[in-house]
Each structure stands twice: as C-alpha cells, then as structure tokens.
Amino acid sequence: MVSTFYAVKLPTVSAADDAKLAKNFAFQPMAIAMPGGFKQQTVRKVNKAYKHIEGWISSVGAGVAMNDIDGDALPNDLCVTDPQIDQAVVTPAPVPGRKSATYAPFALDPAPLPKSDYTAPIGCVPGDYNEDGATDLLVYYWGRTPVIVQAKKDASTGAVTTPMSADRFTPVELVPGVGTSVYTGPLWNSNAAAVADFDGDGHNDIFIGNYFPDSPVLDHTKDGGVTMNDSLSHAQNGGGGHFFRWTPQGFKAVQGVLPDHIDRGWTLAASATDLDGDLRPELYLAHDFGTSSLLYNKSRPGTFEFREGKAKHSALVPKSKEMGRSSFKGMGVDFGDLDNDGLYDAFVSNITTSFGIQESNFAFIGTADDRADLRAKLRKGEAPYTDKRAPLNLAWSGWGWDVKMGDFDNNGDQEITQTTGFLKGKKNRWAQLQELATANDALIKNPYFWPNVEEGDDLAGDQHLRFFVKNEHGSYSNLAKQLGLAVPVPTRGIATADADGDGRLDMAVARQWEDAVFYCNMSENAGGFLGLRLTDEAGSAVIGAQATVTLSDGTTRLGRVDGGSGHSGKRSSDVHIGLGDQADGPVQVEIVWRNRSGEVHSKELQLSPGWHSLQLGTDAKEK
C-alpha cells in the first residue's frame with residue numbers, strides 16, 4: 001500500500017517555488033468608474049414563489065467585456081453589467097497614462113424600445129453586428145429578449161462622429177415584434193452568448209443560451225408560473241438555446257438546430273471555437289444541473305447543423321471524467337492550447353468546494369494526432385479528449401464560474417484565471433444545500449421544496465479569484481494569494497485584453513454584489529509577444545480568424561479572434577500570443593480566415609514581435 005501511494009502521489013510544489021514563479025507577474029488593482037444616479041440594491045426582487053431563495057435567484061448577472069468601443073484602436077473600453085444598479089454600463093478602462101481621451105461612464109438605455117419593470121441585464125458582447133466597421137453592443141437579459149445597441153454613423157461621411165455617450169448608440173431588437181411602449185415579448189432568461197460565423201457564409205451569427213425557461217422570474221408582482229430544474233444531474237427543462245443567422249435584412253431566428261436533450265439544458269456558458277481548422281466553429285455548451293455538450297459543426301451556408309461529440313467510453317474511466325457524459329455542473333468554459341501541441345484544449349468550471357459540494361473542474365486535453373485526425377473523430381461523434389484535471393492540479397478551486405486562458409507573462413504557456421464564490425453573507429447554508437443535493441428529483445422542480453437562500457445567507461462567500469500558472473513539474477500552481485488577487489468576494493466574469501498596447505494582458509473582473517475591478521498588468525519580467533488586430537475592409541474584427549505561430553524550436557502557439565466565449569466575461573477581439581525567449585527576431589505566422597463572401601484564405605507571414613494591424617480580404621495586408 002505504501003508503494004502504491006508513492007507511485008500515484010502527485011508532485012508537490014513548495015511555497016518557495018511558488019514565490020519564485022510569482023515574480024513573473026504583477027497586477028495593480030484599479031477602481032472602475034460607474035455612473036451615478038441609479039438606485040442601489042443588494043438583492044433582486046423576484047417572483048413570490050422564489051422569495052425564500054431570492055439569494056439563489058440573485059446569484060448571477062455581474063459581467064464584463066473588454067474591447068475597442070470608442071474606435072481609438074485600443075481595447076481600453078469596458079461594458080459592465082452590474083446587478084447593484086441593474087444597468088449595462090460603458091466605461092473607460094482605468095489604464096495608467098491612458099493614451100486616448102477618456103469619457104464619462106454611461107448606461108445603455110434601451111429606449112425607445114418597449115420596456116419592462118421586471119428585467120435585468122446579464123451580459124454584454126461587443127461586436128460589429130451591422131458590418132459597418134463600428135463596434136456595437138449585444139446586451140442580453142433576464143426578463144426579455146436581447147437588444148443590439150448599434151453605433152450611429154454619419155450618412156455622408158460613414159464615420160462615427162457622436163462623442164462617447166448614450167447618444168452614440170441606437171438600440172435595435174434582436175427579436176422583432178416584442179411590444180410598443182410596454183414589453184410584451186418572450187420572457188427569456190439568458191445567461192450566455194456566443195458570436196461566430198456558424199454556417200460559413202462569411203457573416204457572424206449569434207447564439208443565445210437561456211437558463212430558466214421563459215417565465216416571470218423577476219416579476220415580484222406574480223406568485224407562480226415559474227419552475228426550478230427537474231434534476232440536479234440531468235435537467236432538461238431549462239430555457240435552452242436560440243440561434244440567429246445573419247441576413248442582409250437582419251438576424252433571423254433558426255429553429256430546430258439542436259436535439260431536445262441538449263437544447264433544453266440550463267445554459268450558463270458557451271464557447272464557439274474552431275477546433276479542427278475548417279473555420280466552422282464548434283460549440284461547447286456548459287449546462288448547469290446536467291451534461292455539458294461539445295457540438296461538432298457540420299453547417300453549410302444558410303443551414304445550421306451540429307453533431308454531438310462524446311468521449312469514447314471506457315470501463316476504466318469514470319463517467320465523470322468523460323466529455324459529453326459527465327453530470328457535473330458546467331459553469332464556465334474556455335479553449336486554449338495548454339500543452340502547446342497545436343490543438344485546443346478545454347477548461348470547464350464546476351462546483352468544487354470541500355465539505356460543501358465536491359465535484360471537479362475539467363481539464364480536457366486533446367489526444368488527436370493532428371487537426372485532420374480530430375476532424376475525422378468528431379465526424380464520427382467521438383470527442384478525443386482526456387481529462388487531466390488531477391495531474392495538472394486543476395481539479396479543485398471552489399464554486400467556479402467564468403474562466404479565461406491567456407499568456408500574462410508572455411513565456412509561451414497559457415495561464416488560467418477562474419472566478420469562484422456564490423453568495424456572501426453571515427449565515428452558512430451549506431448543510432441545507434447538501435440536503436437538497438440528495439433530494440429526490442421529483443421534488444426539486446418545485447421552488448417550494450428548496451431550502452432558504454435569502455439575503456444575508458452565505459454559500460462559498462469567502463472564495464476568491466484563481467490564477468493558475470504552469471510550474472516546473474508541468475502542473476499548475478494557484479498564485480492568487482501571492483499576487484494579491486485572493487480577495488474574498490464572489491466573482492463572476494473575466495475579460496482580458498492588452499488595454500494599453502504594451503504587450504501585457506490586463507484583465508477586468510466582475511464581482512457579484514460588489515464593484516468590478518480592473519487589474520493592470522505591471523509585470524517587469526514579461527517575455528516577447530505577437531499581437532494581431534485582424535479586421536476586414538470595413539474595419540470589423542474578423543471573428544474566427546486563426547493565427548498559428550511557429551517558433552524557432554519548431555513548436556507552435558495558437559491564437560484566434562474570439563467572438564465572446566465564456567460565462568459573463570468577454571475577451572477582446574485582438575489576438576495575443578506570448579513568444580517566451582524566442583522573440584529576438586521575426587517569427588513565422590500562418591493566418592487563416594473567411595472573407596465576407598465565405599471564401600477561405602490563408603497567408604504565411606514573417607512578423608516581428610509586437611503589435612500588427614492586418615486587413616483581411618482576399619489577401620492579408622498590413623495597415
């Protein structure tokens with residue numbers, strides 16, 4: 001037994017080793033300006049049937065996105081959804097020595113669109129939704145369908161001339177016919193969004209993932225007409241997903257894309273990432289209370305089609321470690337190349353609290369030989385990924401939510417940031433939640449049988465942000481405490497971008513029922529990097545474009561233009577790739593993209609380290 005213990009014992013890293021590793025990083029926390037004049041709240045008003053679990057119902061909604069919204073060519077603008085004021089706010093990132101003019105923060109008013117007193121913004125996705133070259137904002141809600149807030153352009157000059165304020169934008173319904181002055185449309189409760197060219201026609205489409213089914217969750221004047229999940233491990237009565245295909249006349253809803261056993265999940269996060277290199281993004285749906293799904297993209301222009309991929313079943317591997325089979329909670333997801341083998345891997349957040357609810361995060365590492373082998377397996381419905389959460393020391397962290405990978409010290413390896421925590425209060429409710437976790441599924445669908453989780457109660461309220469860094473053993477160390485990131489406040493969304501253009505990734509973190517915070521990367525030990533701003537002729541980010549850097553030692557580093565993967569945090573549309581110590585000269589870069597006609601193009605370039613702006617059409621031209 002002793003021999004077996006030492007044979008399977010995972011390597012440990014000393015505190016001294018972690019302290020040495022932490023010297024590569026430094027973050028300066030900075031307050032984010034928010035507009036005044038809005039009523040503050042500490043919990044949401046909810047349907048009377050939910051009153052005794054108002055804390056549970058109020059556990060989401062803090063989100064943040066980083067991107068270039070004001071058109072100064074730097075992703076130094078934030079779109080923050082804040083439950084404290086139930087507003088979606090645009091505000092400048094508090095970058096020291098900001099290189100462009102700042103502006104007063106402002107809320108995105110959906111007027112003159114029909115309004116409701118029972119809605120709350122949950123997330124915001126920057127993007128160019130009308131393809132005019134200016135950055136718009138997709139805001140999704142609980143209590144109504146999403147709104148696209150479009151930047152106004154001068155009809156004669158084609159330029160955005162209005163200063164940064166609410167007057168700069170015009171709100172447009174994603175779903176038409178939802179009322180006149182009072183909102184009468186579907187009562188969506190959306191918790192996730194992903195923007196990508198799903199059908200390969202050269203235009204970006206939209207996926208909206210809903211959590212609760214259509215119901216008056218936030219209408220405190222009503223008592224009933226709502227439900228909870230019909231299972232804690234296989235719930236299929238959620239709000240499901242909605243696809244919208246781009247057309248010249250606007251976005252059109254596409255029905256029947258996913259089978260019911262996937263479509264009716266309780267979606268908390270989504271990631272659209274091209275895994276096999278065909279420029280048709282796969283879609284990963286992180287479902288609460290049930291099995292998350294990897295969907296292989298078989299779409300063609302004008303038609304959406306996906307096939308579910310599952311890990312090949314093995315009698316020697318628990319179901320809880322198999323992609324597409326586990327019943328663990330899917331709370332957040334992101335893709336990145338963790339082992340630098342040229343294939344994307346996935347990190348999925350779950351609930352992982354000792355003496356609370358102990359499931360596990362996932363670290364799904366790709367096992368295919370190459371992209372062609374991956375494509376062949378996905379076509380057969382096989383997801384060739386192996387969970388290595390334990391040997392990588394990524395299994396447990398807390399009540400996990402959003403996750404983002406990025407190379408914050410530019411050493412060529414991906415770090416992993418993760419938000420954790422649920423509800424901060426004084427009365428511990430873990431015992432009651434554990435009772436619920438063992439309850440009969442026939443009971444939990446009814447909110448009446450749920451234990452009290454009200455304002456003042458606590459569930460994982462002292463958990464903090466995680467910052468995982470690869471150590472000398474090849475596993476990961478959480479350096480949040482060493483870096484001053486371990487603030488005991490529940491966090492939700494993470495947005496990453498090089499806000500000041502210095503080559504070091506910064507991040508903004510949304511915190512539930514606390515103010516969001518901006519962490520400026522102040523590392524003095526960062527290596528070289530390659531930054532790419534990939535746009536089309538109009539100036540729109542080419543969502544889905546892929547960049548592969550081949551270093552002098554023959555290894556590769558991957559980057560992509562992301563259209564909004566994750567839970568409630570959205571990274572910028574720039575590509576950032578750390579080069580490590582191999583940045584003393586130009587590097588070989590292959591860029592692959594679709595133009596607006598849906599044609600696939602590729603270009604090999606020799607680019608020096610630093611930032612580059614490339615215009616992608618039928619060719620790639622440096623601007």
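Just so you know, these numbers come straight off a predicted model, no measurement behind them.

**Q** I'm lost on the pairing of strand β35 (residues 575–580) in this one. Help?
**A** Where a strand is regular, its side chains alternate between the two sheet faces. Of all six residues that make up β35, six are buried, and the element is covered over most of its length. Burial of β35 is two-sided: the residues Val575, Ile577 and Leu579 facing one way and the residues His576, Gly578 and Gly580 facing the other way are all buried. With five bridges joining them, strand β31 (residues 528–535) and β35 adopt antiparallel strand pairing. Looking across to β35, one finds that glycine 528 is bridged to glycine 580.

**Q** So what exactly am I meant to see when it comes to helix α6 (residues 430–437) here?
**A** In an α-helix there are 3.6 residues to a turn, and that puts residues three or four apart on one side. Those residues of α6 that sit buried are Trp430, Leu433 and Leu436. Buried positions in α6, seen along its axis, are confined to an arc of 115 degrees and lie on one side of it.

**Q** Hey, could you run me through the UniProt feature "domain: ASPIC/UnbV" (unreviewed entry) in the protein chain in this one?
**A** The feature "domain: ASPIC/UnbV" (unreviewed entry), as given by UniProt, occupies residues 543–599 in the numbering adopted here. Across residues 543–599, helical content stands at 0% and strand content at 46%; the span's end C-alpha atoms are separated by 14 Å.

**Q** Would you take a moment to explain the sheet that holds strand β16 (residues 293–297) for this structure?
**A** Sheet strands pair via backbone hydrogen bonds, and the direction of the pair is either parallel or antiparallel. Spatially, β14-β15-β16-β17 is the arrangement adopted by the four strands of the open sheet, whose pairing is antiparallel. The open sheet terminates on both sides in strands that have one partner only, identified here as β14 (266–273) and β17 (306–309). Ignoring which end each strand starts from, the neighbouring axes of this sheet average 25 degrees apart. The pairing of strand β15 (residues 282–288) with β16 spans three bridges and is classified as antiparallel. Following the sheet pairing, leucine 285 is matched in β16 by serine 293.

**Q** Just checking my understanding: could you explain the environment of proline 110 for this structure?
**A** You can see proline 110 is positioned in the loop between β5 (106–107) and β6 (120–127). Sequence spacing of proline 110 and proline 171 is 61 residues, and the spatial spacing of their C-alpha atoms is 5.6 Å. If near-sequence neighbours (up to four positions away) are discounted, proline 110 is found in contact with Lys115, Tyr141 and Pro171.

**Q** When you look at the pairing of strand β26 (residues 466–470) in this model, what are you seeing that I'm missing?
**A** Most of β26 sits out of view: five of its five residues are buried. Burial along β26 is two-sided: Arg466, Phe468 and Lys470 facing one way and Phe467 and Val469 facing the other are all buried. For strand β23 (residues 415–420) and β26, the ladder comprises three bridges, and the chain directions are antiparallel. The residue of β26 that forms the bridge with glutamine 418 is arginine 466. Sheet analysis places β26 next to strand β27 (residues 476–478), joined by three bridges and oriented antiparallel. If you follow lysine 470 over to β27, its bridge partner there is tyrosine 476. In textbook terms, the turn of a hairpin is the stretch between consecutive antiparallel strands, and for β26 and β27 this stretch comprises five residues, one of which, glycine 474, has a positive phi near 85 degrees.

**Q** Looking at this structure, I do not really get the side chain of arginine 511. What am I missing?
**A** Structurally, the position occupied by arginine 511 is in strand β29 (residues 506–511). No salt bridge is formed by the buried arginine 511; its nearest oppositely charged neighbour, glutamate 514, is found at 5.0 Å. Within polar-contact distance, the side chain of arginine 511 engages the backbone oxygen of aspartate 515 at 2.7 Å.

**Q** Looking at this structure, I do not really get a nonpolar patch on the surface. What am I missing?
**A** A surface patch of nonpolar side chains, about 350 Å² in accessible area, is lined by Leu443, Tyr448 and Phe449. Checked against the element boundaries, tyrosine 448 lands in the loop between α7 (441–444) and β25 (457–458).

**Q** Even after reading the chapter, I still don't get the packing of aromatic side chains, so can you show me in this structure?
**A** Between two aromatic rings, the relevant description is the distance of the centres plus the angle of the planes. One pass over the full model with this rule turns up 32 aromatic pairs. When the ring of tryptophan 399 is compared with that of tryptophan 430, the centres are 5.7 Å apart and the planes differ by 40 degrees; the resulting orientation is tilted. Separated by 31 residues along the polypeptide, tryptophan 399 in the loop between β21 (385–387) and β22 (400–406) and tryptophan 430 in helix α6 bring together distant segments of the chain. Accessibility classification places tryptophan 399 together with tryptophan 430 in one group, the buried group.

**Q** Could you clarify how one ought to interpret the sheet that holds strand β18 (residues 332–336) in this entry?
**A** The strand order across the open sheet built from four strands is β18-β19-β20-β21, with neighbouring strands paired in antiparallel fashion. Of all strands in the sheet, those with a lone pairing partner are β18 and β21, marking the two edges. The average angle at which neighbouring strand axes cross in this sheet is 20 degrees, direction not considered. Bridging between strand β19 (residues 345–349) and strand β20 (residues 362–366) involves three bridges; their strand directions are antiparallel. Residue pairing across strands places alanine 346 opposite phenylalanine 364, the latter belonging to β20.

**Q** Explain the environment of asparagine 525 here, please?
**A** Structurally, asparagine 525 is set in the loop between β30 (517–521) and β31. Between the C-alpha atom of asparagine 525 and that of lysine 404, which follows or precedes it by 121 residues, the distance is 21 Å. Setting aside residues no more than four positions away along its own chain, asparagine 525 makes contact with Lys23, Asn24 and Asp409. At 2.6 Å, the side chain of asparagine 525 forms a polar contact with the backbone oxygen of lysine 23.

**Q** Looking at this model, I keep getting lost on the pattern of salt bridges. Mind explaining?
**A** Two side chains bearing opposite charge may form a pair once their charged atoms approach each other closely. This structure, assessed with the given rule, holds 24 salt bridges. We note a salt bridge from lysine 298 to glutamate 305, for which the minimum N-O separation is 3.8 Å. Given a relative accessible area of 32%, lysine 298 falls into the partly exposed group. Of the charged contacts in the structure, one is a salt bridge between aspartate 373 and lysine 377, with a shortest N-O distance of 2.7 Å. Here aspartate 373 and its partner lysine 377 are both found in helix α5 (residues 371–379), four residues apart, which amounts to about one turn of the helix. Residue class for aspartate 373 comes out buried when judged on its relative accessible area of 17%. Ionic contacts of the salt-bridge type, sharing partners, join the residues Asp334, Arg560, Asp562 and Arg571 into one network.

**Q** What should I look at first to understand the state of the cysteines in this one?
**A** One way to say it: the disulfide is the covalent bond shared by the sulfur atoms of two cysteines. With the rule as written, the count across this model stands at one disulfide. What pairs with cysteine 79 in a disulfide is cysteine 124, and their sulfur atoms sit 2.2 Å apart. Handedness here is read from the sign of the S-S torsion; for cysteine 79 and cysteine 124, about 100 degrees, the answer is right-handed. Within this pair, whereas cysteine 79 is found in strand β3 (residues 77–82), its partner cysteine 124 is found in strand β6, the two being separated by 45 residues in sequence. The pair cysteine 79 / cysteine 124 is uniform in exposure class, with both members buried.

**Q** How should I be thinking about the nonpolar core in this particular structure?
**A** Note that soluble globular proteins tend to have their nonpolar side chains buried in a common cluster. Core analysis: the largest hydrophobic core is formed by 53 residues, its most contacted members being Trp56, Ile206 and Trp399. Taken together, the elements giving at least two residues each to this core come down to α3 (54–57), β6, β7 (136–142), β10 (190–196), β11 (205–210), β14 and α6. When neighbours within four sequence positions are excluded, tryptophan 56 is seen to be in contact with Met228, Phe289, Trp399, Phe422, Leu433, Trp450, Val453 and Leu459. Judged by nonpolar contacts, the second largest core, of 23 residues, contains Leu294, Leu343, Tyr344 and Val348.

Calculation rules
Residues numbered from 1 in each chain as written. Predicted model: local features only at pLDDT ≥ 70, side-chain atom pairs only at ≥ 80, totals over all residues. Heavy atoms only, no water. Buried < 20%, exposed > 50% of the residue type's maximum accessible area, 1.4 Å probe, protein only. Helix = DSSP H or I, 4+ residues; strand = E, 2+ residues; numbered from the N terminus. Pairing = 2+ DSSP bridges. Arc of directions from axis to C-beta. UniProt positions renumbered as here; feature names shortened; annotations may be inferred. Axes fitted to C-alpha atoms, helices over the stretch in contact; angles between N-to-C directions. Contact = heavy atoms within 4.5 Å. Lys, Arg positive; Asp, Glu negative; His and termini not counted. Salt bridge = Lys/Arg side-chain N within 4 Å of Asp/Glu carboxyl O. Polar contact = N/O pair within 3.5 Å; in protein donor to acceptor, adjacent residues only side chain to side chain. Patch = residues over 30% accessible without salt bridge, like charges linked within 9 Å, V, L, I, M, F, W, Y side chains within 5 Å. Areas by Shrake-Rupley, 256 points an atom, 1.4 Å probe, with all protein chains shown as cover. Phe/Tyr/Trp six-rings, centres within 6.5 Å; stacked < 30°, edge-to-face > 60°. Disulfide = S-S within 2.5 Å. Core = buried A, V, L, I, M, F, W, Y, C linked by side-chain atoms within 4.5 Å.

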